[in-house]
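# Overview (structure and organization)
Single-letter residue listing:
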Amino acid sequence: MAPIDSIGGLEAYRRKLAEAAEAKADMPTVLVCFGTGCQANGAGPVAEAFRKVIDEQGLKLDVNLGIKTTGCHGYCENGPLVAIRPQDILYLKVKPEDVPEIVEETIKGGRTVERLVYRDKATDEVVARYSEIPFYKHQHRIALRHIGSIDPTDIDDYILAGGYAGLAKALAMDPEEIVSEVERSGLRGRGGAGFPAGTKWRSCLAVESDVRYVLCNGDEGDPGAFMDRSIMEGDPHSVIEGMIIGAFALGSHQGYIYVRDEYPLAVKNLSIALEAAREKGLLGENILGSGFSFDIKISRGGGAFVCGESSALMRSVAGEVGEPRAKYIRSVEKGLYDKPTVLNNVETWANVPEIILKGADWYASMGTEGSKGTKVFSLVGKVNNTGLVEVPMGISIRELVENIGGGVLGGKKFKAVQTGGPSGGCIPERLADLPIDFDSLTEAGSMMGSGGIIVMDEETCMVDVARYFTNFLVDESCGKCTPCRDGLPRILDLLTDITEGRGGEEHVALLEELCDLLTWGALCGLGTSAANPVLSTIKYFRDEYDAHIRDKKCPAGVCKALITYSIDPEACTGCRLCAKNCPQECITGKRKEAHVIDTSKCIKCGVCKDVCTFDAVRIS
Amino acid sequence: MEKVNVTIDGRTFEAVKDKCVLEVAHENGIYIPSLCYNSEVTSSGGSCRVCLVEAHQGGRMRLVTACNYPVRKGLEVKTDTPLVRRIRRGVLELLMARVPDSEVIREMAAAEGLTEVRFREDTGENERYKCIACALCTNVCAEVVGVYAISMINRGADKKPATPYLKPSDVCIGCGACAYACPTGAITLKEKDGVRRIWGKDFPMVRCSVCGTPYIPEAQVDWIVKRTGKDRSFFDKCPDHR
Ligand SMILES: Cc1cc2nc3c(=O)[nH]c(=O)nc-3n(C[C@H](O)[C@H](O)[C@H](O)COP(=O)(O)O)c2cc1C
Ligand code: SF4
Ligand code: SF4
Ligand code: SF4
Ligand code: SF4
Ligand code: FES
């Protein structure tokens, strides 16, 4: 097909797609999630099975079936996910063996296969309709608007769903007007720092230069977050469209998407999308006949957490070592190749087309005073429903954990959430009514970061949590500056001392001093935020530090050096299960009599507690 | 060159716009400690953090590294506040714990009234003893010498300068610029019987035809001849006898 050469041409093309879709509206559609999570869980064979059954039964003739593969629905734990339209049914954990039954019952008979639908763990209620599942019901999807419902490798799907209409609108606007619109929307960067996107664009526009670059940060180094991956894999055109709009507003002709090296599917789907956009005349020379030209290249990540930091990223894109540099001259003035550069995160860019299309007022009507719109969170940890959720800014931590997350796993007590990735902080249950937005999280000693939210229950030791994240940061420190390179290992030493029972009264004061040094003295954001895990746990869980230091006890029963295992003779039935499983063979006792642990040999592996069906093993 | 007024510790000076705070301070007799910065090497600085000072600008205060913070109109710098002192001491204490044997660091710390380290001292591998991973050596080799024989390898506390694969470098010319630039004297350069040893490699030296002193590695002469087209005979005599 020849490239579309006008805005009207795009609308005509969209109408043509809509007519074709209209004609097939009643036809059943099977959507198999092809996100990384579902593929790992076996989505490929499931899609194959559908194709096979449909071919065998010659269903094409009577029900005319379309099979689409989509991006990640964010509910990976229950994958592979299969959605059936027009009934809007979502099947979870589908196996190839289930396929004939789904075809027979649902596609041909219009009935639901109950054993494959969502069942509420608390109420035992079954929910078949996709949009009624609590995990989705409370969400409001803007950045994730198409994910799971379109085929990311088919540009027509995106256009049919309204794609590139934001670009068409923008091309008819004044660049100045576009920047104002983004400013008024209140959109703040989703990559961590929450810098207002419009302000960044405006200051870049103010710098005189022939050459400007727009960059997309798809490095996503936070090990617990996967929203950027999900968007790049599941709706790559939304990012590309956002970048073209940004480039048009800023007068840039070259963009780069920096993709984390571990994301091959994102690279693949982005490449397919870029090529398709070029073919359709939406990218490259003379976009939609407007006279404006812009193209995008993909740049593969340098493989370290710190490569996602803006100055490191720009060096890496330019082929240098991905190491941070002092940003005393802002990158909107001197960024990539020393030219004015705007860098925004994947999710930030994905919001842009919707803001232009629906207007700043629409976007700003959601969220809180200082944080507008919605945010994607990756909800993980000790919670019933885990996955990606997009909700309006300002939702409380409790709502997120209870309504969407379905409460804490196993009915245990909710203790805290850790937000913001490895250098975020912990917020205790008593502050769970706090609205989640950039400023409240920062005030509480944590941060929005990438939007990772880890739910912790009563069996989590907060000193151990601080040690865990510090350990991650020690490994990820690039080693360029003294406070981070040499300070973090000292912090880790002190925390390890505390968790191993060697902590003294002076340890906490020393920790606070080192944290102060990092916050003020480190070169880049990794170091300046690295104190959060330590300071927030000291602030909210000081009693746990004291218990480790003064009483040499770990109240949560986690720190091995400070706990002992024993068997409660009242509860033990003498079933011998623990004794059979103990790797140290240090549990003795006669059948049907209470057993005893030889603590001198016990290595505190916890196996006995895990296997005991009578809950007779105690930690103290 | 555009000039701007900048205030340092209450005194106002005229300075070239975008020059770094450290140089403007030193020109005017105000001392700010530094380790990783060398005014001849534009890529140096920003790493050791001993030069952190308060920068007040546009109603905002930040702690910045004087060695690469550009002076702009209306900038006010404070080099001697409780915050600056506290962070500088902290940085020096970490450096002392890292390289307990370094005289330079101990002296700089003593000037801040710091003699004891409260953390576990590093007793790491010898080669990194005294090295504060400041990258000045690699920056000098690349930017000033133009040879790229060494680079910073590893991450975090293990970061250090090294030749590729830790093997004697094919391109090193034995000029020793890295060793002269190193703020802590962490690079060993030995000369014996007309042979210089640096980075695990031996470099035969050219002897001065007048005084007989070995004064420059042959490899360095080869390199200069190749780069500049200078006549080889120029190097027959040492600078003192030319
Ligand atoms: C250590 C470190 C790692 C970072 N990693 C990422 C990342 O993986 N993705 C990202 O978008 N931003 C990351 N950032 C934030 C970027 O520096 C930058 O602020 C962001 O990409 C700007 O885009 P935004 O304004 O749209 O958020 C990181 C920052 C630091 C200090
Ligand atoms: S703060 Fe850490 S990651 Fe950032 S430059 Fe310094 S050493 Fe590298
Ligand atoms: S904790 Fe492990 S080693 Fe100790 S008694 Fe239980 S099973 Fe045996
Ligand atoms: S001695 Fe070798 S490593 Fe050192 S500066 Fe000269 S060429 Fe570079
Ligand atoms: S050897 Fe010297 S100059 Fe090189 S990194 Fe170490 S301390 Fe810096
Ligand atoms: S001298 Fe400025 S950071 Fe080292």
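Residues numbered from 1 in each chain as written. Chains lettered and ligands numbered in written order. Predicted model: local features only at pLDDT ≥ 70, side-chain atom pairs only at ≥ 80, totals over all residues. Heavy atoms only, no water.

## So, the overall build of chain B
Looking only at helices and strands, chain B features 6 helices and 11 strands. For chain B, the spread of C-alpha atoms along the three principal axes comes to 60 × 50 × 30 Å. A buried classification covers 48% of the 242 residues belonging to chain B. Excluding contacts between residues fewer than 6 apart, the proportion of contacts in chain B whose partners are at least 24 apart in sequence is 46%. (Helix = DSSP H or I, 4+ residues; strand = E, 2+ residues; numbered from the N terminus. Buried < 20%, exposed > 50% of the residue type's maximum accessible area, 1.4 Å probe, protein only. Contact = heavy atoms within 4.5 Å.)

## A word on the domain arrangement of chain A
Accessible area lost upon the coming together of the parts is a frequently used measure of interface size. For chain A, the assigned domains are domain 1 (7-137), domain 2 (158-364), domain 3 (374-460), domain 4 (463-551) and domain 5 (564-619). Once you take the C-alpha centre of each, domain 1 of chain A and domain 4 of chain A turn out to be 48 Å apart. (Domains from an automatic or database assignment.)

## Describing the interface of chain B and chain A
Contacts between the two partners involve 34 residues from chain B, matched on the other side by 31 residues from chain A. Interface area, chain B with chain A, both sides summed: about 2,600 Å², of which 55% is carbon and sulfur. Three residues stand out in chain B for area buried against chain A, namely Arg49(B), Leu94(B) and Arg155(B), and they jointly supply 24% of the buried area on that side. Here chain B is connected to chain A by 6 salt bridges. Its salt-bridge partner being Arg98(B), residue Asp486(A) comes within 3.0 Å of it at the nearest N-O pair. There are 16 residue pairs in polar contact (both at pLDDT 80 or more) connecting chain B and chain A. Of all the secondary-structure elements, those providing two or more residues to the side of chain B that touches chain A are strand E4 (60-65) and helix H2 (82-98) of chain B. Take the side of chain B that touches chain A: its biggest share by element is 9 residues, from H2(B). When its residues are assigned to classes, the side of chain B that touches chain A shows 17 nonpolar, 7 polar and 10 charged. (Buried area = accessible area lost by both parts, 1.4 Å probe. Salt bridge = Lys/Arg side-chain N within 4 Å of Asp/Glu carboxyl O. Polar contact = N/O pair within 3.5 Å; in protein donor to acceptor, adjacent residues only side chain to side chain. Nonpolar A, V, L, I, M, F, W, Y, C, P; charged D, E, K, R; others polar.)

## Details of the site of ligand 2
Near ligand 2 lie 13 residues; those nearest to it are Cys478(A), Lys480(A), Cys481(A), Cys484(A) and Cys524(A). Residue classes in the shell around ligand 2 are distributed as 9 nonpolar, 3 polar and 1 charged. (Near = heavy atom within 4 Å.)

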